[in-house]
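Listed below are the residues making up each chain.
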Amino acid sequence: MSRHQPCLRVCTAASCRSRGAEALRQGCVASTALFPVQVKGVGCLGPCSEGPLLAVDVGSSSSLFGLSSLATGADEDDDEPTRAIEALTATLRQTIAHGNGDRRGTGTRTRTAALTPLEQAMSRWRPPRAIAIPADDPFLALQQRLVLARCGRIDPGAIADAMAAGAYRQLAGVLQRNDPAAVIRALRASSLRGRGGAGYPTGLKWAAVAAMPGPGKVVVCNADEGDPGAFMDRTVLEGDPHAVLEGMAIAAHAVGAERGYVYVRAEYPLAIERLRRAIAQAEQSGWLGENIGGSDLRFHLELRVGAGAYVCGEETALIHSIEGQRGVPRPRPPYPAEQGVFGRPTLINNVETFATIAALLQLGPEAYGRGTKVFSLAGHVRRSGVLEVPMGTSLRTIVETMGGGAPDGRHIKAVQTGGPSGGCVPASALDTPVDEVSLQRLGTILGSGGLVVLDDTTNMADIAAFFMAFGREESCGKCIPCRAGTVQLELLLRKLLARQGTTADLALLERLCPVVSEASLCGLGQSAPRPLLSSLRHFRADYLALLTTP
Amino acid sequence: MGANRPAAAATGRCAAYVHGIGLTRAMAELHADLEPVLQRHGRRPDGLIEVLSCAQERYGYLSPQLLREMAAQLRLPLSRVLGTASFYHLFRFSPPAPHSCLVCTGTACHALGADALLAALSAEALAERGVDLGVVRCIGTCSGAPLVVLDGQVWNHQSADGVLARLRRLRP
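Remember, predicted model here, so these are calculated numbers, not experimental data.

The rules behind these values
Here, residues in each chain are numbered from 1, in the same order as that chain's written sequence. Each chain takes a letter, starting from A, and each ligand takes a number, starting from 1, following the order in which they are written. Given that this is a predicted model, residues contribute local features only at a pLDDT of at least 70 and side-chain atom pairs are listed and counted only at 80 or more, while totals for whole chains, interfaces and linings are drawn from all residues. Helix numbers and strand numbers start at the N terminus; a helix is a DSSP run of H or I with at least 4 residues, a strand a run of E with at least 2. Remark: residues whose backbone-derived C-beta atoms lie within 7 Å of one another are considered to be in contact. Values of the radius of gyration come from C-alpha atoms, whereas the globule rule sets the reference at 2.2 Å times the count of residues to the power 0.38. Angular values range over 0 to 180 degrees, each being the angle between N-to-C directions of two axes fitted as lines to C-alpha atoms, with helices fitted over their stretch in contact. Orientation labels follow simple angle bins: below 35 degrees gives roughly parallel, above 145 gives roughly antiparallel, 65 to 115 gives roughly perpendicular, and whatever is left gives oblique. Should the near helix be turned anticlockwise from the far one by less than a right angle, the crossing is left-handed, and should it be turned clockwise, the crossing is right-handed. Amino acids are sorted into nonpolar (Ala, Val, Leu, Ile, Met, Phe, Trp, Tyr, Cys and Pro), charged (Asp, Glu, Lys and Arg) and polar (every other residue, Gly among them). How far each domain reaches was decided by an automatic or database domain assignment. Whether two strands pair comes down to DSSP finding at least two bridges between them. Neighbour density around each residue's C-beta defines its exposure: 20 or more other C-beta atoms within 10 Å make it buried, 12 or fewer make it exposed, and counts between make it partly exposed, where C-beta atoms are placed from the backbone. For a helix, the expected span equals 1.5 Å multiplied by the residue count minus one. Here the bend at a residue means the angle between the axes of two seven-residue stretches, the one that ends at it and the one that starts at it. This arc describes the spread of directions from the helix axis toward the C-beta atoms.

Enquirer: With reference to specific residues and values, describe the overall build of chain B.
Expert: Along chain B, the regular secondary structure elements total eight helices and four strands. In chain B, the succession of helices and strands from N to C terminus is α-α-α-α-α-β-α-α-β-β-β-α. Expressed as a percentage of contacts within chain B between residues at least 6 apart in sequence, the contacts between residues at least 24 apart total 66%.

Enquirer: Any details on the overall build of chain A? Residues and values, ideally.
Expert: A tally of regular secondary structure across chain A gives 23 helices and 14 strands. Whereas a compact globule of 550 residues would reach a radius of gyration of roughly 24 Å, chain A reaches 25 Å, a difference of no more than 12%. The dimensions of chain A, computed from C-alpha atoms along their principal axes, are 85 × 60 × 40 Å.

Enquirer: An account of the packing of helix α8 (residues 180-189) of chain A against helix α9 (residues 202-211) of chain A is needed here, citing residue identities and associated values.
Expert: Residue and element names in this part refer to chain A. Close contact between α8 and α9 brings their axes to 7 Å; oriented N to C, the two are set at 150°. By the angle class used here, α8 and α9 are roughly antiparallel. Crossing of α8 against α9: the hand is left-handed. Contact residues: α8 offers Pro-180, Ile-184, Leu-187 and Arg-188, while α9 offers Thr-202, Gly-203, Leu-204, Trp-206, Ala-207 and Ala-210. Its residues placed into classes, the contact of α8 with α9 shows seven nonpolar, two polar and one charged.

Enquirer: Quick one: what's the story with the domain arrangement of chain A, residue by residue and with numbers?
Expert: Residue and element names in this part refer to chain A. Segmentation of chain A into domains returns domain 1 (7-134), domain 2 (159-366), domain 3 (372-454) and domain 4 (460-544). Averaged C-alpha coordinates put domain 1 and domain 2 at centres separated by 35 Å. The partner domain 2 presents six residues to the five residues of domain 1 that form the contact.

Enquirer: Would you mind going over the sheet that holds strand β6 (residues 217-223) of chain A in detail, with residue names and values included?
Expert: Residues and elements named next belong to chain A. Strand order in the open sheet formed by four strands is β8-β7-β6-β9, and the pairing between neighbours is parallel. Since the sheet does not close on itself, it has two edges, and those belong to β8 (300-305) and β9 (346-350), each with one partner. Ignoring strand direction, the axes of neighbouring strands in this sheet form an average angle of 20°. Set on the sheet, helix α13 (residues 315-322) makes contact with β6, β7 (257-264), β8 and β9; between it and β7 the angle comes to about 100°.

Enquirer: Describe unusual backbone geometry, and please don't skip the residues or the numbers.
Expert: If a residue is not glycine, its phi is most likely negative; likewise, a peptide bond is most likely trans. Residues and elements named next belong to chain A. The omega torsion across Gly-51 and Pro-52 is 5°, close enough to zero to call that bond cis. Looking at the element boundaries, Pro-52 is found in the loop between β2 (38-42) and β3 (53-58). In this chain, Arg-332 is followed by Pro-333 through a cis amide linkage whose omega measures -5°. When you line up the elements, Pro-333 lands in the loop between α13 and β9. Of note, Asn-178 is a non-glycine position whose phi angle comes to about 50°, a positive value. Since 11 C-beta atoms lie within 10 Å of it, Asn-178 is described here as exposed. Positive phi, normally seen in glycine, also occurs at Phe-342, with a value near 55°. When you line up the elements, Phe-342 lands in the loop between α13 and β9. For Phe-342, a count of 13 C-beta atoms within 10 Å puts it in the partly exposed group.

Enquirer: An account of the pairing of strand β1 (residues 99-104) of chain B is needed here, citing residue identities and associated values.
Expert: Residue and element names in this part refer to chain B. Counting buried positions along β1 gives five out of six residues, so the element sits mostly inside the fold. Relative to strand β2 (residues 131-136), β1 runs parallel, the two being bridged by six bridges. By the bridge assignment, His-99 is partnered in β2 with Val-131. Pairing analysis gives three bridges linking β1 to strand β3 (residues 148-150), with the strands arranged antiparallel.

Enquirer: Quick one: what's the story with helix α14 (residues 351-363) of chain A, residue by residue and with numbers?
Expert: Residue and element names in this part refer to chain A. Across its 13 residues, α14 extends 19 Å between first and last C-alpha, which sits within 8% of the 18 Å expected from 1.5 Å per residue. The sharpest bend along α14 reaches about 30° and sits at Ile-357. Taking burial as the measure, the 13 residues of α14 include eleven buried ones, the bulk of the element. Along α14, the residues that are buried comprise Val-351, Glu-352, Thr-353, Phe-354, Ala-355, Thr-356, Ile-357, Ala-358, Ala-359, Leu-360 and Leu-361. Of the residues one or two after α14, Gly-364 is the one with positive phi, at around 85°.

Enquirer: Can you explain the environment of Pro-329 of chain A? Please cite residues and give values.
Expert: Residues and elements named next belong to chain A. With respect to the helices and strands, Pro-329 occurs in the loop between α13 and β9. Taking C-alpha positions, Pro-329 is 23 Å from Tyr-268, a pair spaced 61 residues apart along the chain. Leave out the neighbours within four places in its chain, and Pro-329 touches Val-311, Glu-314, Thr-316, Ala-317, Cys-476, Lys-478, Leu-521 and Cys-522.

Enquirer: Quick rundown of the interface of chain A and chain B? Include the residues and the values.
Expert: Every contact between the two is made by 42 residues of chain A and, on the other side, 39 residues of chain B. Those elements that provide at least two residues to the side of chain A that touches chain B are α1 (14-17), β8, β10 (372-379) and β14 (450-455) of chain A. Looking at the side of chain A that touches chain B, the element that brings in the most residues is β10 of chain A, giving three residues. A breakdown of the residues in the side of chain A that touches chain B according to their chemical character gives 17 nonpolar, 17 polar and eight charged.

Enquirer: Go over the sheet that holds β2 of chain B, please, and point to the residues and values.
Expert: Residue and element names in this part refer to chain B. Strand order in the open sheet formed by four strands is β2-β1-β3-β4, with mixed pairing between adjacent strands. Each of the sheet's edge strands pairs with one partner strand only, and the pair in question is β2 and β4 (153-155). Here the average twist between neighbouring strands, direction ignored, is 25°. Strand contacts of helix α7 (residues 114-122): β1 and β2, with the helix running at about 150° to β1, the strand carrying the most contacts.

Enquirer: Run through the packing of α8 of chain A against helix α11 (residues 241-255) of chain A, naming residues and quoting values.
Expert: All names here are of chain A. Where α8 contacts α11, the two axes come as close as 7 Å, and the packing angle between them is 115°. If you check the angle between α8 and α11, you find them roughly perpendicular. Between α8 and α11 lies a crossing whose hand is left-handed. Between α8 and α11, the contacting residues are Pro-180, Val-183 and Ile-184 on the first element and Ile-250, His-253 and Ala-254 on the second. Split into classes, the residues belonging to the contact of α8 with α11 amount to five nonpolar, one polar and no charged.

Enquirer: Report on the pairing of strand β13 (residues 423-426) of chain A, specifying residues and quantitative values.
Expert: Residues and elements named next belong to chain A. Bridge count between strand β12 (residues 412-417) and β13: four bridges; the pairing is antiparallel. Looking at the pairing, Ala-414 lines up with Pro-426 of β13. As consecutive antiparallel partners, β12 and β13 are separated by five residues, and within that stretch Gly-418 has a phi angle of approximately 75°, a positive value.

Enquirer: Describe helix α7 (residues 169-177) of chain A, with residues and values.
Expert: Residue and element names in this part refer to chain A. Looking at α7, one finds that the buried residues are Gln-170, Leu-171, Val-174 and Leu-175. Viewed along the axis of α7, the buried residues span an arc of 135°, placing them on a single side of the element. For α7, the exposed residues lying more than 90 degrees away from the buried face are Gln-176 and Arg-177. Where α7 is buried, its residues touch α8, α11 and α14. After α7 finishes, the residue Asn-178 shows a positive phi value of roughly 50°.

Next comes the structure, spelled out in C-alpha cells:
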C-alpha cells in the first residue's frame, strides 16, 4: 500500500501514562479493531500538561489533542476518567463505522489525492472535551526537532518502526565508509558540546579516547538524569531509545571500543523497560553484538540500573557505580578517557549527546550549525512539557511564547536553570539567549536543560534552601568542604528563613560559599553554592527582608 | 526506588525466611531466585548492585542473612557489600510495610507545595495503617506536580486530603 492508514498516536511516555494514556490506548485499539485504522503507542508528544495526548494522522495532515479531562489524579472520583474514555471511544467508533460504511465506497478511493470516506470522517473527528493544539501553536511551531525527530512518531518498542523512520542508517553508512577518524573530524568541526551539563566539546572528548592505545575501551551513556525538575533524557529514552543506541555504536566505531554501558537511574522504570527491549531488538537485528551491520565492529552493550544516588551522575562516581562499588567520586586526572571503567579508557557522554550524533552526521557539521537543545519546562507555567529548540533561542520565547508564561494573575519571577548545580535567571533577563556562555555571564549554567519557572509567590531564599538541602542529602561524604559545608550553609539559610538571622549570618553565608565551591572534590560540592549565590545576586531583597532588625 | 518495588508480593516468603522457619529451604529458594542474575554477572564483584537490586525486588528488603549470602556468592567481604548497599538510597534493610507512599520532592513539586503535602502526611500515623511514607527526588513527570507515588502508581496534582482519602481506600 502506497499510502498510510489513518493512525491514532497515543503518547505512552511516563507523564501521559500517569494521566491514563494506557487506558486511552486500549480504548482506541478496541474501537478500531475491525477497521483500517492504526493505533500506535508512541513517545512524548510535547505539551505534557495537556495530557494524555492523542495525535490523529489522516493522509498528510495531523491533529494533536490534549485530553486532560481524561486524566486520573486530582479528582478523587476515579470512575470519572473511565467514563470519559468510554465517551471518547464511543464517538470514535461511531465516526469510524459511519465513515467506513459510507456508500461512496468502503475504504477505497476513486482518486489517489482524495481522502476515503473513512479518512474524511476521521479528519473531522473531534474527541469530546479535548483541547485541540494546532500545528501553528508556538509550543509546536517554534520547535526544531533533531534529537526528538522520531520521538512521538515511532513505536519505541518496535525496532522496525524506528528503522523505517531512519534509525541505524547513519551507523550503517559510517561502518560502510569505515573511517573512524572521519567521524571524529566531523564532530570536531561541529559545535556539539556535551549536553549533560558540563558542556565539554564532544569531538575533543572522542578524539582523546580514540588516541588512547590498546583494546578494551569502553563507551558509557550517562542516563542518570538526577537534576530534579529535568526530564529531557527520560523523554528520549522512552520515546526513541534507538537514537541513543545508534549514537553509542557510532562512538564505539569511532573510538575503538568493544564494550558499553548505559547507566540509567532506577526512578525511570519505563525508560529502563524500553531500553532493555531496544537493546535486545538491536542485538537481534545485528546493530549491537558481533559483526555489526556486516562489518567487523563488535560492541556489547549492558544496561546498569542505579540505586538512587544523585552523585552517580558525576562521571568518576558513575564509573565506580558501574564497577559495583559505592558511587564516590575521585579526583581527576586521570580522566575517564585515560582511566575509566575497570581502568580502561572510557568515553562518557549523556543521553542527549549520543542521540544527537546520527542527526548531526546526517546533516553534516555546517548544516547542523549551533545545533539544538532539548528542554523540559515545569513549575509555575501554563504549559509544561518537553521541547527542542535551536541553541540560542531566548528564554522568553521558551517560557512565555511557548510555555504561555505564568498562570493567571501571576508574574514570572525567575527561571531556574541547571538544577542543583545551576542558578536562576531573573524575569528582567528573560531575553538572554540560552547557550553556555550567555547563561554563565548571569551566574548560572545551561546545565542539562531542566527549566523550572518560578512565579512572584516564590521566595528565592526558600528555593536556595531547597537546593542546599538537596546537596546536603546527596553529598557522598568523601570530602569535608561538601559534607560539612552544605550542612552549615543550609543551617544558616534555615536560620534566615525562620527570621532569626542577622546581617552577620548573611555575611557568613557569603563567606562560606566560595570555600565550599573551591575546596570541594567534585562537581556536586563545587556547584552546591551556585543556586544560593545566584539568587543572592539577583534577589538580594528576598534575603534582606528576612533579616531581624539589629 | 520504592515506586517500582513490588512490596506486598514478596512479604509472605520474606517473613518465613527471616524468622528462620525452614531456613534451608529458604536458602535453596534464594539460590534458585537469584541464580540467573548471579550467572549473568559471572559472580563477579561488579555485579553487586544489580544482584542487590534483584534480591530486594524479590524479597522486599535486604536482610542480614541475604547480605551475608550475597557476599559469599560474589566472594566479597561483608563490609564491602554493606558499605555499598548502605550508600544507595533505594536499598532498605527492614521489611517494607504493605503499602508505600512516596511524596515527590523535586524542584517543580517543591515550588507547587510538596513541603506542605509531606508535612501534612507526616502528621498522620500512616505507619499504623500499613503505609511507608517516604520521599522521592523527582520522577521526571513534573507536569503533574505536586505528585505522589502510591504503590508504584503516580497520582498527579495531589492535596493532603486527596492522598489521605486514597490511603483510606487501600486494603490493609
